Amino acid sequence: MSASMAYAGLWRTCRMLLPRHHVLSPAAIRTQSSASGDLMPWTSLSRPPWPEQPSPYSAEEEQSRHAAVVSTVNQRINLRDFGRLFAVVHFAGRQWKVTGEDLILIENHIEAECGERIRMEKVLLVGAEDFTLIGRPLLGKELVRIEATVIEKTESWPKVHMRFWKRHRFQRKRIIIQPQTVLRINGIELAPRLT
Amino acid sequence: MTSRGTPSRFLRSVLQNGVGRYVCQLKRISIVFSKKAQSSLGARDFIEEGVVDYANKNPGTVVYVSPQPCRVPKIVAEYLNGNVREETITSKTSQQISELLTKLTNQSGLEIIRIRKPFHTDSPSIQGLWHPFTNRPPSIGPLRGFSMHDF
């Protein structure tokens, strides 16, 4: 009992001293109303199970390395030195990993006629072969542009929805037909401007 | 029947429709109806008022109107991939027939059966498929285990 209390005190002091980047999520920034001043309750999932290794570089070296990486990626984007791009897009309540020229089936009706182009605005991630741009949580609209064409607006196959309770003489049968839309992703464009 | 007892297919499009230009997949529509029967009343009204507008709105589709002595009026739709769909329009109003026609126009000719996956890609991997040595040097010898800290 006393050993675990000592451990708890030790971990608390460690947590205060070392910066914990992975704990600070937007949902965790709540008002610090508890007496000890903690942001979130400390659970078994608050930190990863591998030992935290302090980085061998100092703070200035880390910053310079980060700046080098950012400038390399910027250069690549300015020179359009990437091949095929993929993106994670949030559309119709789901997230899709999307490239150019691929098909997506949406299980509802979209207010666009067949043949019209649509721009998908909620982009979470864009990647090429050598680099990835991760949004927090979304990327800017002037940075990425994803366009799609509505190809087909059909109905689904007649799905059978049946309920049956044995020994109760209860059965209900219903045929469900849902509207479907098929989209063809025309392309992903990355603008040569990063802040 | 269930999805296991019925045929199924993967999501695809006819001849990569949409990559370049969008092409309406409906090739030909034939409206077969009778001149005197009661069941073709809606069909006759639709042909009086709506068929010409429909034909003008879809210039890529050929519309055939064939009055024949028949008991059951129907619409026969033929698609670019060769599939033929017949829908009966017995005792339907003109409005319902025009909605049915828009539905048939928006469809491609692929079969209405269970679609296995709601996506289709020709290039599934860009950064390379994962294999156990991605981001890990291959080493011969016992694995170096990490110690689990108590909480």
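As the structure is a prediction and not an experimental result, all values here were calculated from the model. Throughout this document, residue positions are counted from 1 along each chain, in the order its sequence is written. Each chain gets a letter, beginning with A, and each ligand a number, beginning with 1, in the order they are written. With pLDDT at 70 or above as the cut-off, local features in this predicted model cover only qualifying residues; side-chain atom pairs require 80 or more to be listed or tallied, and sums for whole chains, interfaces and linings still use all residues. Hydrogens and water molecules were not included; the side-chain quantities draw on all heavy atoms of the structure.

## Quick word on the overall build of chain B
And then number 1: The number of helices and strands found in chain B is three helices and seven strands.
And then number 2: By its C-alpha atoms, chain B is 90 × 35 × 30 Å across when sized along the principal axes.
And then number 3: Burial status across chain B gives 32% buried among its 151 residues.
And then number 4: Contacts were defined at the residue level, with two residues in contact if any of their heavy atoms lie within 4.5 Å. Sequence separation of at least 24 residues holds for 70% of the intrachain contacts in chain B that already meet a minimum separation of 6.
And then number 5: Just so you have it, chain B exposes about 10200 Å², and 55% of that area is on carbon and sulfur atoms.
And then number 6: On chain B, the mean spot of the 20 positive side-chain charges and the mean spot of the 11 negative ones are 8 Å from each other. The way it works is that DSSP assigns letters per residue, a run of H or I at least four long becomes a helix, a run of E at least two long becomes a strand, and they are numbered from the N terminus. Think of it in three bands: with a 1.4 Å probe and only protein chains considered, a residue is buried below 20% of the maximum accessible area for its type, exposed above 50%, and partly exposed in between. The Shrake-Rupley method, run with a 1.4 Å probe sphere, supplies the accessible areas, and residue values consider only the shown protein chains as cover. Neither His nor the chain termini are counted; the positive set is Lys and Arg, and the negative set is Asp and Glu. Here the site of a charge means NZ on Lys, CZ on Arg, CG on Asp, or CD on Glu.

## Side note on the interface of chain B and chain A
And then number 1: At the junction of the two partners, chain B supplies 35 residues and chain A supplies 38 residues.
And then number 2: Between chain B and chain A the total buried area reaches about 3100 Å² when both faces are included, carbon and sulfur atoms providing 62% of it.
And then number 3: Note on definitions: salt bridges are taken to be side-chain nitrogens of Lys or Arg within 4 Å of carboxyl oxygens of Asp or Glu. Across the chain B-chain A interface, the total number found is one salt bridge.
And then number 4: A salt bridge links glutamate 155 of chain A to lysine 103 of chain B; the shortest N-O distance between them is 3.3 Å.
And then number 5: Polar contact is the term for a pair of N or O atoms within 3.5 Å; when the atoms are in protein, one must be able to donate a hydrogen and the other to accept it, and sequence-neighboring residues count only if both atoms are side-chain atoms. Here chain B is connected to chain A by twelve residue pairs in polar contact (both at pLDDT 80 or more). Throughout, the accessible surface (probe 1.4 Å) given up by two parts as they are put together, summed over both, is called the buried area.

## Describing helix H1 (residues 41–49) of chain B
Residue and element names in this part refer to chain B.
And then number 1: Of the positions making up H1, those classed as buried are Gly42, Ala43, Phe46 and Ile47. All buried residues of H1 project into a common sector of 135 degrees when viewed along the axis, lining one side. Residues Glu48 and Glu49 are exposed on H1 and point more than 90 degrees away from its buried face.
And then number 2: Tucked inside the fold, the buried residues of H1 contact strand E2 (26–33), helix H2 (51–57), strand E3 (62–67) and helix H3 (94–106). Of all possible arcs, the one meant is that of the directions from the helix axis to the C-beta atoms.

## Quick look at the side chain of aspartate 102 of chain A
And then number 1: Relative to the helices and strands, aspartate 102 of chain A resides in the loop between strand E2 (94–98) and strand E3 (103–106).
And then number 2: Engagement of the side chain of aspartate 102 of chain A in a polar contact is seen with the backbone nitrogen of threonine 99 of chain A, the distance being 3.2 Å.
And then number 3: Every residue in contact with aspartate 102 of chain A, bar those within four places of it in the chain, is listed here: Lys97, Leu183, Arg184 and Ile185 of chain A together with His120 and Thr121 of chain B.

## Details of unusual backbone geometry
And then number 1: Following arginine 136 of chain A, the chain continues into proline 137 of chain A via a peptide bond in cis, with omega recorded as -20 degrees.
And then number 2: Within the secondary structure, proline 137 of chain A sits in the loop between strand E6 (132–134) and strand E7 (144–155).
And then number 3: A positive phi is found at arginine 169 of chain A, a non-glycine position, where the angle reads about 55 degrees.
And then number 4: Residue position: arginine 169 of chain A is located in the loop between strand E8 (159–165) and strand E9 (170–176).
And then number 5: The phi dihedral of serine 91 of chain B falls on the positive side, at around 55 degrees, and the residue is not glycine.

## Structural notes on the sheet that holds strand E5 (residues 84–88) of chain B
Residues and elements named next belong to chain B.
And then number 1: Pairing is mixed across the open sheet formed by four strands, whose spatial order is E3-E2-E4-E5. Edge positions in the sheet fall to E3 and E5, since each of these pairs with one other strand and no more. Put simply, the sheet's adjacent strands are angled 15 degrees from each other on average, direction ignored.
And then number 2: Strands were regarded as paired on the criterion that DSSP finds at least two bridges between them. As paired strands, E2 and strand E4 (residues 74–79) are joined by six bridges and run antiparallel to one another. With axes taken as lines fitted to C-alpha atoms, and helix axes fitted only over the stretch in contact, angles between N-to-C directions fall between 0 and 180 degrees.

## Digging into the packing of aromatic side chains
Residues and elements named next belong to chain A.
And then number 1: Only centres within 6.5 Å qualify two rings of Phe, Tyr or Trp (six-membered ring in Trp) as a pair; their planes then separate them into stacked at under 30 degrees, edge-to-face at over 60, and tilted for everything else. One pass over the full model with this rule turns up two aromatic pairs over all chains.
And then number 2: Ring plane angle 75 degrees and centroid distance 6.2 Å describe the contact between phenylalanine 82 and phenylalanine 131, whose orientation is recorded as edge-to-face. With phenylalanine 82 in the loop between helix H2 (59–78) and strand E1 (86–91) and phenylalanine 131 in the loop between strand E5 (123–127) and E6, this residue pair connects regions lying 49 residues apart in the sequence.
And then number 3: Comment: the charge-over-ring label is applied if NZ (Lys) or CZ (Arg) is within 6 Å of the ring centre and within 35 degrees of the ring normal. Over the aromatic face of phenylalanine 86 sits the side chain of lysine 97, whose NZ or CZ is 5.0 Å from the ring centroid.

## Some words on the packing of H1 of chain B against H3 of chain B
All names here are of chain B.
And then number 1: For the pair H1 and H3, interaxial distance at closest approach is 8 Å and the crossing angle is 70 degrees. Considered as vectors, H1 and H3 are oriented roughly perpendicular to each other. Between H1, through Gly42, Ala43, Asp45, Phe46 and Glu49, and H3, the contact on the second element is made entirely by Ser94, Ile97, Ser98 and Leu101.
And then number 2: Of the residues assigned to the contact of H1 with H3, the class counts are four nonpolar, three polar and two charged. Any angle from 65 to 115 degrees is called roughly perpendicular, while one under 35 is roughly parallel, one over 145 is roughly antiparallel, and all others are oblique. Three residue categories are used. Nonpolar comprises Ala, Val, Leu, Ile, Met, Phe, Trp, Tyr, Cys and Pro, charged comprises Asp, Glu, Lys and Arg, and polar comprises the others, including Gly.

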